[in-house]
Amino acid sequence: MEKAKSRNPAPDRKRRLKRWAIGAYRLGMILAALACLRMLPSEGRALDPARILAEAQNILPGTASVGDPSDGLYPLLGKDGEPTGWATSTFPQAEEIMGYSGASELLVIFDPDRTVKAVRFLSSQDTDGHVAKIREDPAFWAQWNGKPEATLGAPAAPVIVSGATLTSEAMARGLAARFGAKGMGQWFPEPLKLSDVRKWFPEADALTDGGYPGSYSVRKGGETLGTVLRSSRMGVSARGFNGTSDVIVVLAPGGEKLLGIALLGSRDNEPYVGDVGEEVKYADGFAGKTIAEVLAEDPRESPSLFTSGASYTNSAVVESVREMLRRHQSDEAARGFPWKSSLAIAWIALGVGLAFHKSGKRRNVRTAYAVISVAAGIALGWMVSQDQLVGWGANGFGIRNILPLLVLTAVAMLVPAFTGKNVYCSSICPHGAAQTLAGQLVKKRFHLPPKIHAVMVRIPWLTLVVIWVLAFVASGVPFAYFEPFETWSSGFVAFVPAAIFTIGILSAFFLPQGYCHYGCPTGALLKFLTHSPSAWTRSDALAGIMVASAAIFTALQ
Ligand code: SF4
């Protein structure tokens, strides 16, 4: 055998090169699909011309059709093809502007001279009750009527709906952002100033970046005097009666003891804010406490730290402070030993090592590693899934937060593409490992009749295609509902993933790897990378056609 190898090195090398070339092509197809998704303009996914037409016909009755958009503006056309006006969505510029719990999309309809005829509601991820209040308020919707397009980007004091201030203001800010206003997503745009921390550090001469978003070092010369955390820059948004508050927490050197807190601003109602502001100023109940003491206290059982007359705003401030301290602690910890990431990478490396070492073939070793994978799945909740891949394609990702998941995904894709071994499915995947362990508990195995098997094995492929087509043509689809993996990270919260999870695991007791064979679209994607490793197949041609169609679709948006 060795002799034959050395006599014919060229065919071996040729075969290996062919396998790598085919693997690279398959991986390239997946990356190209992700790139197309990334390049898809978000307004192309969000706006439905039929919806625009229906709204426009109520405002401009002569409108018969909607033309192709340019720069997000859709021409409205009469029967004779002459323009009757224009329409545009406030997305994508308003997508980042949150009300109570999400962004809202409005439709702006102009006459042919680009003067606003009407503004209409399209969709909102915000609280239903607030949105309903705004929809019933004609003064809110009429505030833009008659204004020329050129004036809409000037940030003015908008008409706000009482009882839904945050949502209505977010909608108005979103509209201003759509027409060029800057800084609309920032509720508290003022930077932190030395005067904000003078009370604690009268000698300070500089505020510098504290190492993570929302933290600042207070300095004098080269010396650090303390740390300041700012809620609006940390993304902490505890809401009071009617809005969020911008709170700073001031920490002594060492970062463990609180010197005090201050309220820089609030979207909450007067006079509550005034009351809390005064209390914070003169009777700061946090001063002198350690982070551990503040976090150990139950705010519902502690006597009020501020004033009794402002319970909502008061609670919002207390909750903001606690959340900021929690994040400060976890960020400090993350900058120490990253144990979670290290364990995750050790688990992945062990899985890859066993896949290529002969000991990985031993049943007891495989069982032990399956137990480790299940434990890792429960503890970490990190899994390769279509929801994650589509999300990364559409929105990108931040390496700092998901390095282990990035490593896991890279291993799942690169190893099969270039070695032909589906190491993720064969050992690492916690859901696959759980099925393996379930299967070992019951001796009697059940196999589907060949005809049913032949139909069922197509389901994962079909699901995979449906997911990716929807990723391009529809918006807001909860892709996590196509797979069971969300249940590993968030528990039995969402019904559909929990049902797929339960059925998959229960069936594995009798049907070996039943979910893997008959349900898993991620498994199908990884199988695409490993099937017939050195040969060009019909699936490769089909993938090429699908990715080319996705590229054309993206280019046309
Ligand atoms: S087929 Fe799906 S569930 Fe099964 S091991 Fe692979 S990724 Fe995990």
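It should be emphasised that the depicted structure is a prediction, and the values quoted were computed from it without experimental measurement.

## Quick word on the overall build of the chain
Right, on to step 1. A tally of helices and strands in the chain yields 25 helices and 10 strands.
Right, on to step 2. Considering only residue pairs separated by 6 or more positions, the chain has 62% of its internal contacts joining residues 24 or more positions apart.
Right, on to step 3. Put simply, the chain shows about 27800 Å² of open surface, and 61% of that area lies on carbon and sulfur atoms.

## Things to note about the pattern of salt bridges
Right, on to step 1. All chains considered together, the criterion is met by 4 salt bridges.
Right, on to step 2. Two residues, Arg 114 and Glu 149, come together in a salt bridge whose shortest N-O distance is 3.1 Å. Taken together, the residues span a long stretch of sequence, with Arg 114 in the loop between β4 (104-110) and β5 (116-124) and Glu 149 in the loop between α6 (138-142) and α7 (165-178) at a distance of 35 residues.
Right, on to step 3. Owing to a relative accessible area of 27%, Arg 114 belongs among the partly exposed residues under this scheme.
Right, on to step 4. Taking the shortest distance from any N to any O, the salt bridge between Arg 173 and Glu 169 comes out at 3.3 Å.

## A word on the site of the ligand
Right, on to step 1. The ligand sits among Tyr 424, Cys 425, Cys 429, His 431, Gly 432, Phe 485, Tyr 515, Cys 516, Cys 520 and Gly 523.
Right, on to step 2. Counting only elements with at least two residues in the shell around the ligand, the list comes to α17 (423-428), α18 (430-441) and α23 (514-518).
Right, on to step 3. Looking at the shell around the ligand residue by residue, the classes come out as 7 nonpolar, 3 polar and no charged.

## Focus: the sheet that holds strand β2 (residues 73-77)
One key point about sheets: their strands pair by backbone hydrogen bonds, in either a parallel or an antiparallel sense.
Right, on to step 1. The 5 strands lie next to each other as β1-β2-β3-β4-β5, forming an open sheet whose pairing is antiparallel. Strands with a single pairing partner mark the edges of an open sheet, and in this sheet they are β1 (65-66) and β5.
Right, on to step 2. Across 7 bridges, β4 lies against β5 in antiparallel orientation. The residue bridging Ser 104 from the neighbouring strand is Ser 124, located in β5.
Right, on to step 3. Against the sheet, helix α4 (residues 49-59) engages β1, β2, β3 (83-89), β4 and β5, with an angle of about 140° to β5.
Right, on to step 4. Together, β2, β3, β4 and β5 form the strand contacts of α7, whose direction differs from that of β4 by roughly 55°.

## Some thoughts on the nonpolar core
Right, on to step 1. In terms of nonpolar packing, the biggest core is built from 58 residues, with Trp 347, Leu 408, Tyr 424, Ile 428 and Trp 468 touching the most fellow members.
Right, on to step 2. One finds Val 119, Phe 140, Leu 152 and Met 171 within the second-largest nonpolar core, a separate group that totals 20 residues.

## Focus on the packing of helix α20 (residues 459-473) against helix α24 (residues 521-530)
Right, on to step 1. Running from N to C, α20 and α24 point in directions that differ by 95°, and their axes come no closer than 8 Å. Relative to α24, α20 is oriented roughly perpendicular. Contact residues: Pro 460, Trp 461, Thr 463, Leu 464 and Ile 467 in α20; Pro 521, Ala 524, Leu 525, Lys 527 and Phe 528 in α24.
Right, on to step 2. Grouping the constituent residues of the contact of α20 with α24 by class yields 8 nonpolar, 1 polar and 1 charged.

## Examining unusual backbone geometry
Right, on to step 1. Omega for the peptide link from Phe 91 to Pro 92 comes to 5°, which places this bond in the cis form.
Right, on to step 2. Summarising the element assignment, Pro 92 is placed in the loop between β3 and β4.
Right, on to step 3. Even without being a glycine, Arg 114 presents a positive backbone phi close to 65°.
Right, on to step 4. Phi at Ser 532 is positive, roughly 35°, even though this residue is not glycine.
Right, on to step 5. Take Ser 532: it is sitting in the loop between α24 and α25 (538-556).
Right, on to step 6. Judged by its relative accessible area of 36%, Ser 532 is partly exposed.

## Quick word on the packing of α20 against α25
Right, on to step 1. Between α20 and α25, the shortest axis-to-axis distance is 11 Å and the interhelical angle comes to 10°. By the angle class used here, α20 and α25 are roughly parallel. In terms of crossing hand, the pair formed by α20 and α25 is right-handed. Every residue of α25 that contacts α20 at Val 465, Phe 472 and Val 473 is listed here: Met 546, Ala 550, Phe 553 and Thr 554.

## So, α20
A turn of α-helix holds 3.6 residues, and therefore any two residues three or four places apart point the same way.
Right, on to step 1. Over its 15 residues, α20 runs 21 Å from end to end, which matches the ideal 21 Å to within 8%, given 1.5 Å per residue.
Right, on to step 2. Buried residues of α20: Pro 460, Thr 463, Leu 464, Ile 467, Trp 468, Ala 471 and Phe 472, and no others.

## Concerning the packing of aromatic side chains
Right, on to step 1. Tallied over the entire structure, the rule returns 7 aromatic pairs.
Right, on to step 2. Taking the centre distance of 4.9 Å and the plane angle of 50° together, the rings of Tyr 25 and Trp 536 count as tilted. Of this pair, Tyr 25 sits in helix α2 (residues 9-39) while Trp 536 sits in the loop between α24 and α25, and the two are 511 residues apart along the sequence.
Right, on to step 3. Accessibility expressed as a relative area gives 23% for Tyr 25, which makes it partly exposed.
Right, on to step 4. What makes Trp 536 exposed here is its relative accessible area of 52%.
Right, on to step 5. Ring geometry for Trp 488 and Phe 501: centres 5.6 Å apart, planes at 65°, overall edge-to-face. Taken together, the positions of Trp 488 in helix α21 (residues 486-490) and Phe 501 in helix α22 (residues 495-508) put the pair 13 residues apart, joining distant regions of the chain.
Right, on to step 6. On the basis of relative accessibility, which here comes to 15%, the residue Phe 501 falls in the buried class.

Cut-offs applied
- Residues numbered from 1 in each chain as written.
- Predicted model: local features only at pLDDT ≥ 70, side-chain atom pairs only at ≥ 80, totals over all residues.
- Heavy atoms only, no water.
- Helix = DSSP H or I, 4+ residues; strand = E, 2+ residues; numbered from the N terminus.
- Contact = heavy atoms within 4.5 Å.
- Areas by Shrake-Rupley, 256 points an atom, 1.4 Å probe, with all protein chains shown as cover.
- Salt bridge = Lys/Arg side-chain N within 4 Å of Asp/Glu carboxyl O.
- Buried < 20%, exposed > 50% of the residue type's maximum accessible area, 1.4 Å probe, protein only.
- Near = heavy atom within 4 Å.
- Nonpolar A, V, L, I, M, F, W, Y, C, P; charged D, E, K, R; others polar.
- Pairing = 2+ DSSP bridges.
- Axes fitted to C-alpha atoms, helices over the stretch in contact; angles between N-to-C directions.
- Core = buried A, V, L, I, M, F, W, Y, C linked by side-chain atoms within 4.5 Å.
- Parallel < 35°, antiparallel > 145°, perpendicular 65-115°, else oblique.
- Left-handed = near helix turned anticlockwise from the far one by under 90°.
- Expected span 1.5 Å × (residues − 1).
- Phe/Tyr/Trp six-rings, centres within 6.5 Å; stacked < 30°, edge-to-face > 60°.

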